[in-house]
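Overview (structure and organization)
Letter by letter, the chains look like this.
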Amino acid sequence: MRILVSGGAGYIGSHTTLQLIAAGHEAVIVDDFSRSKRSVIPRLDALAGAPIEWYAVDVTDRDATESLVAGGSFEAVIHFAGLKAVGESVEQPLDYYRVNLGSTLSLLAAMGRHGVRKIVFSSSATVYGENAAVPMEEDFPTSATNPYGWTKVMQEQILRDAAVADPSLRVALLRYFNPVGAHASGTIGEDPSGIPNNLMPLIAQVAVGRREKVMVFGDDYPTPDGTGRRDYLHVEDLAAGHVAALDRLGTTADPVSTWNLGTGTPTSVREMVDAFSRACGRALPFEIAPRRPGDIAESYADPSRAETELGWTADRTIDQMCEDTWRWQSQNPEGYPDDE
Ligand code: NAD
Ligand code: UD1
């Protein structure tokens, strides 16, 4: 299949692009590089063993997206492009609605006009809101507590409505839990701009000396060690989930399929700091800090639907996630080189 990968230069998109190519697909990246660097492209070319077709286009630009899709002969779109920082979304909600909803609308419009019938969408466990039971199941009600979360709830709804209006459309809503880790080569990985929001890149920056210590947000949660528990999954397992979902869209009669992508096993902040300390060979300093507003005690998936319907499971261990992150971070202490 020839597949348009929006946001393909980003963290999850770059790993998925390589797995699509390895599975025999032709992956074409479209990215505006607002949250990634162009220097990822030659690294992807090297890992793929051939140049990857890519376009620097803002997919909220309807005309530019239309021209790209019109001449592209695509069979599917995997839509990663968007903004994802929760705190920033509270400060700049309109940008989040404009970019996240606008990108989905312009891609769907272009797909509709040019006969592209399959879309795989990057949703998030954040759509389960703050009071969900664990493990989280796909049929739970959705809600949100911040603009970022609302954009995911709304994008899911837009995609469902589009599938009602066009019964030939096939939509996969992939609800990721907490993606971490990096490609085994250590040449591509997560490179957040500014101060990272998420735990793993923060721990990795402490390990490499860019930050002094890990601030552990709360040790009084009702969990075994008092720190928050999450369902971390390796980005390579997550990437494989996209390839499996895309295959499934070719055969399913369901217009919309929703799959949790997680391991089903929670890991605490303290366990994560310990695992990373093992991976980098030094006890990483940490300090207990107040809870982060908006955080929940526990979040982990019931991944059984993805296992049954996609034949997919996330098997890489927490130690592998930390070892691969450490390889990437230690080889690239400042992340990707700046664009010229
Ligand atoms: P990322 O920021 O690394 O990648 C997003 C990519 O989209 C970047 O390369 C960015 O430049 C590009 N982009 C942004 N706006 C664009 C636009 N208007 N036009 C073209 N390209 C644009 O993020 P990621 O971690 O790879 O996340 C990918 C998707 O997965 C996002 O939709 C995110 O919300 C979702 N998601 C991520 C996580 C996570 O923890 N990383 C969890 C759940 C869901
Ligand atoms: C965050 C987002 C969520 C998003 C998810 C994946 C918030 C409130 N939620 O969730 O919407 O879908 O990332 O991108 O931002 N922690 C620390 N110290 C830190 C950073 C984190 O102790 O410096 C703890 C957190 O309290 C939490 C765990 O580590 O218990 C994981 O945090 P994080 O990586 O930010 O993920 P989520 O909280 O799941």
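For the structure, check the block above.
Here is what the cut-offs are and how they apply
Residues numbered from 1 in each chain as written. Chains lettered and ligands numbered in written order. Predicted model: local features only at pLDDT ≥ 70, side-chain atom pairs only at ≥ 80, totals over all residues. Heavy atoms only, no water. Near = heavy atom within 4 Å. Polar contact = N/O pair within 3.5 Å; in protein donor to acceptor, adjacent residues only side chain to side chain. Areas by Shrake-Rupley, 256 points an atom, 1.4 Å probe, with all protein chains shown as cover. Helix = DSSP H or I, 4+ residues; strand = E, 2+ residues; numbered from the N terminus. Nonpolar A, V, L, I, M, F, W, Y, C, P; charged D, E, K, R; others polar. Expected span 1.5 Å × (residues − 1). Buried < 20%, exposed > 50% of the residue type's maximum accessible area, 1.4 Å probe, protein only. Contact = heavy atoms within 4.5 Å. Phe/Tyr/Trp six-rings, centres within 6.5 Å; stacked < 30°, edge-to-face > 60°. Lys NZ or Arg CZ within 6 Å of the ring centre and 35° of its normal. Core = buried A, V, L, I, M, F, W, Y, C linked by side-chain atoms within 4.5 Å. Axes fitted to C-alpha atoms, helices over the stretch in contact; angles between N-to-C directions. Parallel < 35°, antiparallel > 145°, perpendicular 65-115°, else oblique. Left-handed = near helix turned anticlockwise from the far one by under 90°. Salt bridge = Lys/Arg side-chain N within 4 Å of Asp/Glu carboxyl O.

**Overview of the site of ligand 1**
Around ligand 1, the surrounding shell holds 27 residues, and the nearest of these are Ile-12, Asp-31, Ser-36, Lys-84 and Tyr-148. For ligand 1, an oxygen atom lies 2.9 Å from a polar atom in the backbone of Arg-35. Phe-80 places a polar main-chain atom, nitrogen or oxygen, 2.9 Å from an oxygen atom of ligand 1. Taken by itself ligand 1 offers 820 Å² of open surface, and the protein chains cover 94% of this. At the level of elements, α1 (11-22), β5 (118-124) and α6 (147-165) are the ones that each hand at least two residues to the shell around ligand 1. For the shell around ligand 1, the element with the highest residue contribution is β5, accounting for 3 residues. Classifying every residue of the shell around ligand 1 by side-chain character gives 12 nonpolar, 9 polar and 6 charged.

**Topic: helix α11 (residues 318-331)**
End to end, α11 covers 20 Å across 14 residues, agreeing with the expected 20 Å (1.5 Å per residue, within 8%). Buried residues of α11: Ile-318, Met-321, Cys-322, Asp-324, Thr-325, Trp-326, Trp-328 and Gln-329, and no others. On its buried face, α11 is in contact with α2 (40-48), β7 (178-180), α7 (199-207), β10 (232-234), β12 (267-268) and α9 (269-280).

**A closer look at the packing of aromatic side chains**
Tallied over the entire structure, the rule returns 5 aromatic pairs. Ring geometry for Tyr-128 against Phe-140: centres 6.1 Å apart, planes inclined by 85°, an arrangement best described as edge-to-face. Taken together, the residues span a long stretch of sequence, with Tyr-128 in the loop between β5 and α6 and Phe-140 in the loop between β5 and α6 at a distance of 12 residues. Measuring from ring centre to ring centre gives 4.9 Å for Trp-328 and Tyr-336, while their planes differ by 50°; the resulting arrangement is tilted. Comparing Trp-328 with Tyr-336, the two get one shared label, buried. One residue, Arg-291, lies across the ring of Tyr-221, its end atom 4.0 Å from the ring centre.

**Re the nonpolar core**
Within the largest apolar cluster, 27 residues are counted, with the highest numbers of intra-cluster contacts made by Leu-20, Leu-174 and Leu-261. Ranked by residues supplied to this core, first place goes to helix α8 (residues 235-249) with 7 residues. If near-sequence neighbours (up to four positions away) are discounted, Leu-20 is found in contact with Ile-3, Val-5, His-25, Ala-27, Ile-78, Val-243 and Leu-246.

**Observations concerning the packing of α9 against α11**
As a packed pair, α9 and α11 sit with axes 9 Å apart at the nearest point and diverge in direction by 55°. Classified by the interaxial angle, the pair formed by α9 and α11 is oblique. In this structure, α9 meets α11 at a crossing whose hand is right-handed. Contact with α9, carried on its side by Met-272, Ala-275, Phe-276, Arg-278, Ala-279 and Cys-280, involves Ile-318, Asp-319, Cys-322, Glu-323, Thr-325 and Trp-326 of α11 and no other residues of that element.

**Considering the pattern of salt bridges**
A pair can form between side chains of opposite charge whenever their charged atoms are brought close. Using the criterion set out here, one finds 22 salt bridges in the structure. Where Asp-338 meets Lys-37, a salt bridge forms, and the shortest distance between an N and an O atom there is 3.2 Å. Placement of Asp-338 in the segment after α11 and of Lys-37 in the loop between β2 (26-31) and α2 is noted, with a sequence separation of 301 residues between them. For Asp-338, a relative accessible area of 58% gives the class exposed. Close ionic contact of Arg-316 with Asp-237 constitutes a salt bridge, the shortest N to O distance being 2.4 Å. Taken together, the residues Arg-316 in the loop between α10 (304-310) and α11 and Asp-237 in helix α8 connect sequence positions 79 residues apart.

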